[in-house]
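# Secondary and tertiary structure notes
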Amino acid sequence: MRKKQFKAESKKLLDMMINSIYTHKEIFLRELISNASDATDKLYFKSLTDSSINASKDDLKIRIELDKGERTITISDCGIGMSAEELEQNLGTIAKSDSLNFKKENEGAEGIEDVEVIGQFGVGFYSSFMVADRVEVISKALGADTANRWVSSGADGYTIEPCEKETRGTTIILHIKENTENDSFDEYLEQYKIQELVKKYSDYIRYPIVMEMTSQVPDPDNEGEYISEVNDEILNSMVPLWRKSKSEIKEEEYNDFYKQKFFDYNDPALVIHSKTEGQATFDALMFIPKNAPMDFYSKDYEKGLQLYSNGVLIMDKCGDLLPDYFSFVKGLVDSADLSLNISREILQHDHQLKIIAKAIDKKIKSELSKLLKNNREKYEEFFKVFGVQLKWGVYADYGMNKDGLKDLMIFKSSNGGFATLKEYVSRMADSQEKIYYACGESADKIALLPQCEAVKEKGFEVLYFTDDVDEFAIQMLMEYEGKQFANILKDDVDLSTDAEKEAEKKKNEDAKELLDKMKEILGGEVSSVKLTNNLGSHAVSLSAEGYVSLEMARVLSQMPGANEGVKAQLVLEINSSHPIAEKLKEADGETLEKYTKILYNQARLIAGLSVDNPTELADSIVSLMV
């Protein structure tokens, strides 16, 4: 028996395999199980055309054995096996993939669609050297009389020699490294760890992964005492739920799967299960939670769907599959079309991923639209929890996503309950030219605004914007079905008739000296003071002129590193039909100053703004009372 050397380039690649390519050492088990699954698939494929091969799916399995004393992990399959030549080709030349060759050679053959070739790079096997200082491979090819043993301790080379093995298939024995100061390898010899890794990465390998498990059971001879019992246990689920037909799956199965996989106590609010074929073929199983995760609004929250390739977990959270406005969606995608890199931990390029992400985005929007149409109550509950995300989606990226999201937004309305923009427009009067809205802390408080009362008296509906992002999103949307949006708290909203406008203009001209004096009293707090007939029964109100509204100024001022210069240009509006207007005309000197400041501060309070000097306000009111 002579030791053979890896080629120079193979030595370099092996060193990379051990030290650089894989992010986590635990990946070794995923790779070896995937190889065992491929070998078993190849045998099953051959059995479809060769009746002499006994390869019933029920009899095919992968076995894992642990030996703490010898510090070994053994992974065995009863697949197609390898001859000495194949051991030389597949294990002696790094990056030589027998699985990929098998797939190419049998392309188009009957039954090949049932074979899921996972390993296509021929490097996954060498990840075992991350945890083992010596690896033995004992393999007996289908139909062969003898078996062969391949042994290597890493880059120094390998040996191949004949050996005894009764059954076909491959057995891999890993001699686990001793612990070092920086790495602990003992955990890979623990049953719980192997069980955890199989569940995490290889739960949907379609052959049973079997291992002896020790459990504590009641001692039949001694009540209250327990004894250890060792039995074979299947560690994997085998059949992925998402590959079953939706008609075969009960609601309880979806709910249980979601709660176990994504650690939620509640059933999901919505299940989205789809199979897509075309430019990219993939299965997707996604869930919308009832409640936002505890860390959803923290910087630690990480969006993304689990990414599988033929049932093998590739990435735990693939953020590229979800846009930020759907970051709350949980779930997974399984595709055989992905172009993976050498380690299969990340994608080699993102063309297919972009196609999948686009399809997923479209599917989620479609399902939410159906929910909005068919189960309004449930949709409103969803929107209360995650609606802000959709609104941010309209605003973000310069409104690039607004067309796909605008019909998913709902707002509280003066008409009662929630309204979509489409519903609002469908109810607009023939004389109404704009979509009216107002911003505030709550719908109840907005409804009490003077301007809101005046607009409703005209018979027009008002949308109530209560989230910080609302007005920013609407500004990005600009219009809906040809109707412009109008903030009723802005100075440019005037619902008066032409005659009323003319009369109001005359009143302002006649009171110009008084209004200028009031503006002077308030200093730079307001850009103007004016008389209006758009306040209903209320005496006074604040509006804003220019682009920045009161609400936008409030939101911008609260942002980190806020610019002090971002302020709304305030207009103090006095109801020309209210007795206070006549009172102001009669006042002068100190009394007019007190009236002006009181009215301005009242208007600030009505608008939900703070009062700079509440003591002065209180003293002014008391002095007038006494």
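Predicted, not measured: the structure shown is a model, and the values here were computed from it.

Conventions and cut-offs
- Numbering of residues begins from 1 in every chain and follows the order in which that chain's sequence is written.
- pLDDT decides what is reported in this predicted model: residues at 70 or higher carry local features, side-chain atom pairs at 80 or more are listed and counted, and totals for whole chains, interfaces and linings draw on all residues regardless.
- Values reported for side chains reflect all heavy atoms of the structure, with hydrogen atoms and water molecules removed beforehand.
- Labels follow the DSSP assignment, with helices taken as runs of H or I lasting at least four residues and strands as runs of E lasting at least two, numbered in each case from the N terminus.
- Relative accessibility thresholds used throughout: buried, under 20% of the residue-type maximum; exposed, over 50%; partly exposed, between the two (1.4 Å probe, protein chains only).
- Between two residues, a contact is recorded if the distance between any of their heavy atoms is within 4.5 Å.
- Per-residue and other accessible areas follow the Shrake-Rupley method at a 1.4 Å probe size, with only the shown protein chains counted as cover for residues.
- Take a side-chain nitrogen of Lys or Arg and a carboxyl oxygen of Asp or Glu: if they are within 4 Å of each other, that pair is a salt bridge.
- Paired rings are identified among Phe, Tyr and Trp, the last through its six-membered ring, by centres lying within 6.5 Å, and are further divided according to the angle between planes into stacked (under 30 degrees), edge-to-face (over 60) and tilted (the rest).
- Residues are said to line a cavity or pocket when one of their atoms sits within 4 Å of a point; the points come from a 1 Å grid over protein atoms alone, cavities being sets where a 1.4 Å probe fits but cannot get out and pockets being open sets with protein on both sides within 12 Å along at least five of seven lines.
- Grid points are joined across faces, edges and corners, and a volume is the space filled by probe spheres set on the points.
- In this classification, Asp, Glu, Lys and Arg are treated as charged, Ala, Val, Leu, Ile, Met, Phe, Trp, Tyr, Cys and Pro as nonpolar, and every other residue, Gly included, as polar.
- Think of each axis as a best-fit line through the C-alpha atoms, taken over the contacting stretch in the case of a helix, with angles from 0 to 180 degrees between the N-to-C directions.
- To sort the angles, those under 35 degrees are grouped as roughly parallel, those over 145 as roughly antiparallel, those from 65 to 115 as roughly perpendicular, and the leftovers as oblique.
- Any two strands with at least two DSSP bridges between them are considered paired.
- By definition, the arc is the one covered by directions from the helix axis to the C-beta atoms.
- Buried Ala, Val, Leu, Ile, Met, Phe, Trp, Tyr and Cys residues that are joined via side-chain atoms within 4.5 Å together make up what is termed a nonpolar core.
- Contacts described as polar in this section are N or O atom pairs within 3.5 Å, which, within protein, must combine one atom able to donate a hydrogen with one able to accept it, while residues neighboring in sequence count only if both atoms come from side chains.

### Overview of the overall build of the chain
Counting secondary structure elements, the chain contains 19 helices and 22 strands. Expressed as a percentage of its 626 residues, the buried residues of the chain come to 49%. Within the chain, residue pairs in contact and separated by at least 24 positions form 70% of the contacts whose partners lie at least 6 positions apart. Approximately 31500 Å² of the chain is accessible, and the part contributed by carbon and sulfur atoms is 47%.

### Remarks on the pattern of salt bridges
With the rule as written, the count across this model stands at 40 salt bridges. One salt bridge in this structure joins Glu590 and Lys594, with 3.5 Å as the shortest N-O distance. In this pair, Glu590 and Lys594 are both assigned in helix α18 (residues 589–606), 4 residues apart and thus about one turn of the helix distant. You can call Lys594 partly exposed: its relative accessible area is 22%. Salt bridges sharing partners connect three or more residues here, namely Glu26, Glu187, Lys193, Glu196 and Lys200.

### Focus on the side chain of Thr72
Along the polypeptide, Thr72 turns up in strand β2 (residues 72–77). With residues near it in sequence (within four places) discarded, Thr72 still touches Glu65, Leu66, Asp67, Ile173, Leu174, His175 and Leu189.

### Here's the deal with the packing of aromatic side chains
Under the definition given, this model contains 27 aromatic pairs. When the ring of Tyr204 is compared with that of Trp242, the centres are 4.5 Å apart and the planes differ by 75°; the resulting orientation is edge-to-face. With Tyr204 in the loop between α5 (191–201) and β7 (209–218) and Trp242 in the loop between β8 (226–234) and α6 (251–262), the pair connects residues that are 38 residues apart, well separated along the chain. Across the pair, exposure class does not vary: Tyr204 and Trp242 are buried alike. Ring plane angle 85° and centroid distance 6.1 Å describe the contact between Phe326 and Phe328, whose orientation is recorded as edge-to-face. In this structure an aromatic cluster arises from ring pairing among Phe296, Tyr297, Tyr301, Tyr325, Phe326, Phe328, Tyr379, Phe382, Phe383 and Phe386.

### Some thoughts on the layout of surface pockets
Counted as a void, the largest pocket has a volume near 810 Å³. If you trace the largest pocket, you find 38 residues lining it, with Gln260, Lys261, Phe262, Phe263 and Gln306 closest to the centre. It is α6 that provides the largest number of residues to the lining of the largest pocket, a total of 6 residues. Class assignment of the residues belonging to the lining of the largest pocket gives a composition of 17 nonpolar, 8 polar and 13 charged.

### Some thoughts on the packing of helix α15 (residues 512–521) against α18
Running from N to C, α15 and α18 point in directions that differ by 70°, and their axes come no closer than 10 Å. It follows that α15 is roughly perpendicular to α18 by the angle criterion. Residues Leu514, Lys517, Met518 and Ile521 of α15 form the contact with α18, whose participating residues are Leu592, Glu593, Thr596 and Lys597. Here the residues of the contact of α15 with α18 are counted per class, giving 4 nonpolar, 1 polar and 3 charged.

### A few points about the sheet that holds strand β13 (residues 330–335)
Pairing within the open sheet is mixed, and its 5 strands lie in the order β9-β10-β13-β11-β12. On the outer flanks of this sheet lie β9 (270–276) and β12 (312–318), each paired with one strand and no other. Strand-to-strand twist across the sheet, computed as the mean angle between neighbouring axes with direction ignored, equals 15°. Relative to β13, strand β11 (residues 305–309) runs parallel, the two sharing 3 bridges. Considered in β13, the bridge of Tyr308 is made with Asp334. Across the sheet, α6 is in contact with β9, β10 (282–288), β11 and β13; its angle to β10 comes to roughly 80°.

### Considerations on helix α17 (residues 579–586)
All buried positions along α17 are accounted for by Ile580, Ala581 and Leu584. The arc enclosing the buried residues of α17, seen along the axis, measures out at 105°, which places them on a common side. Of the exposed residues in α17, the ones pointing more than 90 degrees away from its buried face are Pro579, Lys585 and Glu586. Looking at the buried side of α17, the elements it contacts are α15, β22 (569–575) and α18.

### Remarks on unusual backbone geometry
The residue Phe263 is not glycine, and still its phi comes out positive at about 55°. Here Phe263 lies in the loop between α6 and β9. The phi dihedral of Asn310 is positive, around 55°, even though this residue is not glycine. Tracing the sequence through the fold places Asn310 in the loop between β11 and β12. With a relative accessible area of 11%, Asn310 lands in the buried category.

### Let's talk about the nonpolar core
Formed by 70 residues in total, the largest nonpolar core has its most connected members in Phe326, Ile360 and Tyr379. In terms of residues, this core owes the most to one element, helix α7 (residues 351–374), which gives 8 residues. Excluding residues within four positions of it along the chain, Tyr379 makes contact with Leu368, Leu371, Leu372, Leu390, Leu408 and Ile410. Ranked by size, the runner-up nonpolar core spans 52 residues in total, among them Leu91, Ile160, Leu174 and Ile176.

### A word on the pairing of strand β14 (residues 410–413)
Pairing between β14 and strand β15 (residues 418–420): 3 bridges, direction antiparallel. Within β15, the residue paired with Phe411 across the bridge is Ala419. Between the end of β14 and the start of β15, which pair antiparallel, lie 4 residues, with Gly416 showing a positive phi angle near 105°. Judged from the 2 bridges that link them, β14 and strand β17 (residues 462–465) form a sheet pairing that is antiparallel. Along β17, the bridge assignment pairs Lys412 with Tyr464.

### Looking at the packing of α7 against helix α8 (residues 376–399)
Any two packed helices are characterised by how steeply their axes cross, that is the angle between the axes, and by the distance between the axes. Where α7 contacts α8, the two axes come as close as 6 Å, and the packing angle between them is 125°. Taken together, the axes of α7 and α8 lie oblique to each other. Taking contact as the criterion, the partners of Leu368, Leu371, Leu372 and Asn374 in α7 are, on α8, Arg376, Lys378, Tyr379 and Phe382. Residue classes in the contact of α7 with α8 are distributed as 5 nonpolar, 1 polar and 2 charged.

### Here we look at the side chain of Gln352
Residue position: Gln352 is located in helix α7. Polar side-chain contacts of Gln352 include one of 3.5 Å to the backbone oxygen of Gln279. Residue contacts for Gln352: discarding those within four places in its chain leaves Gln279, Ala280 and Asp337.

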